[in-house]
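Given next are the chains, with one letter for each unit.
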Amino acid sequence: MTGSNAAVLSSATVLSISNQKGGVGKTTTSINLVASLAQLKHRVLLIDLDPQGNASTGCGLDKNELEISVYDVLVGDATMQEAIVSTAFDFDVLPANGDLTAASVELLNQPRKEYILKTALAPILDQYDFIIIDCPPSLSMLTVNALVASDQVLVPIQCEYYALEGLSDLLDTIRQVSGSINPTLSVGGIVRTMYDMRNSLANDVSAQLLKHFRDGVFRTIIPRNVRLAESPSHGEPVWVYDRSSRGAIAYMALAKELVARQKEAR
Ligand code: ATP
Ligand code: MG
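Computed from a predicted structure; not experimentally measured.

K.L.:
Pulling in residues and values, what's your account of the layout of surface pockets?
P.N.:
Here the largest pocket is characterised by a volume of approximately 510 Å³. Gly25, Lys26, Thr27, Thr28 and Met194 are the residues nearest the centre of the largest pocket, which is lined by 29 residues in total. Those elements that provide at least two residues to the lining of the largest pocket are α1 (26–39), α2 (54–58), β7 (186–195), β8 (217–223) and α10 (226–230). Per element, the largest residue contribution to the lining of the largest pocket is 5 residues, and it comes from α1.

K.L.:
Would you mind going over the pairing of β8 in detail, with residue names and values included?
P.N.:
Among the 7 residues of β8, 5 are classified as buried, and the element is accordingly described as predominantly covered. Strand direction decides the pairing type here: β7 and β8, joined by 3 bridges, are parallel. Counterpart to Ile190 in the pairing with β8 is Val217. Note on the crossover from β7 through helix α9 (residues 200–213) to β8: the handedness is right-handed.

K.L.:
Go over the site of ligand 1, please, and point to the residues and values.
P.N.:
The full set close to ligand 1 counts 18 residues, and Lys26, Thr27, Thr28, Pro223 and Asn225 are the nearest of them. With respect to ligand 1, the side chain of Lys26 contributes an N or O atom lying 2.8 Å from an oxygen atom. Within the side chain of Thr27, one N or O atom sits 2.8 Å away from an oxygen atom of ligand 1. In the complex, the protein chains occlude 80% of the 630 Å² of accessible area that ligand 1 would expose alone. Most atoms of ligand 1, that is more than half of them, are within 2 Å of grid points of the largest pocket. For the shell around ligand 1, the elements supplying multiple residues, two or more each, are α1, β8 and α10. Its residues assigned to classes, the shell around ligand 1 comprises 7 nonpolar, 7 polar and 4 charged.

Procedures and definitions
- Residues numbered from 1 in each chain as written.
- Chains lettered and ligands numbered in written order.
- Predicted model: local features only at pLDDT ≥ 70, side-chain atom pairs only at ≥ 80, totals over all residues.
- Heavy atoms only, no water.
- 1 Å grid on protein atoms, 1.4 Å probe; cavity = no way out; pocket = protein on both sides within 12 Å on 5 of 7 lines; lining within 4 Å.
- Points joined across faces, edges and corners; volume = space filled by probe spheres on them.
- Helix = DSSP H or I, 4+ residues; strand = E, 2+ residues; numbered from the N terminus.
- Buried < 20%, exposed > 50% of the residue type's maximum accessible area, 1.4 Å probe, protein only.
- Pairing = 2+ DSSP bridges.
- Right-handed = clockwise from strand over helix to strand, strands pointing away.
- Near = heavy atom within 4 Å.
- Polar contact = N/O pair within 3.5 Å; in protein donor to acceptor, adjacent residues only side chain to side chain.
- Areas by Shrake-Rupley, 256 points an atom, 1.4 Å probe, with all protein chains shown as cover.
- Sits in = over half its atoms within 2 Å of the grid points.
- Nonpolar A, V, L, I, M, F, W, Y, C, P; charged D, E, K, R; others polar.

Structure below.
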């Protein structure tokens, strides 16, 4: 367990970062939101639920050297406590690697297959203020497990031509999960990522998002910033790699906005 604090929450708020569209900034948002929340002295756990293991690598872990990963937890071979590792950045990580590909199939044969992550998280909820799940780019059983375990979903969207395509599938899946298994699940907000203000298409798509989802869109915009793209190869969140970069400043603003929204919602 790392970082401790003044936190107001006695049980973690669990957030899935999800969009089945690939490369929209899910992992970048997960790592840097977690790192910014930790900077704000919240107790945070990052769960890598993607067999690509990018969130694990981006936090400086070698995904090929993992002794225990989220896979072992999901198939019942390890406890959360055994699998969670501390990072040098004041937050914890439940790491993943390619083993997780098998889990998405193996889970299908288990009883109560949608609840496996939720059940595994229950004993550690009081140890964190926020648990953030980096979802894979699919609406697979892994994503369903993330949604069932979550209070809210944050949806990163890259404001480009096909951005809204597929959003309705995600919203349908969220509706199905909230209509049956997890009635308290809600959309915590849409985050505009990799934003280029000079691009008129980005501005058009952003205007459409604001029109449709209004307050459902975070005010903070994440700009396209090369430091954000570089920091994972150094195994560091952007605030460690370059704390004065526009990317670092934007993710800190997003973390503050998220905390303010959580307080408002209570
Ligand atoms: P996947 O669907 O494969 O899991 P993802 O949605 O997690 O992808 P990321 O891996 O976060 O997306 O980002 C895709 C690529 O874009 C990465 O190379 C990342 O470094 C880069 N990137 C993400 N956000 C930004 C940004 N704001 N500015 C510049 N580059 C970015
Ligand atoms: Mg990713």
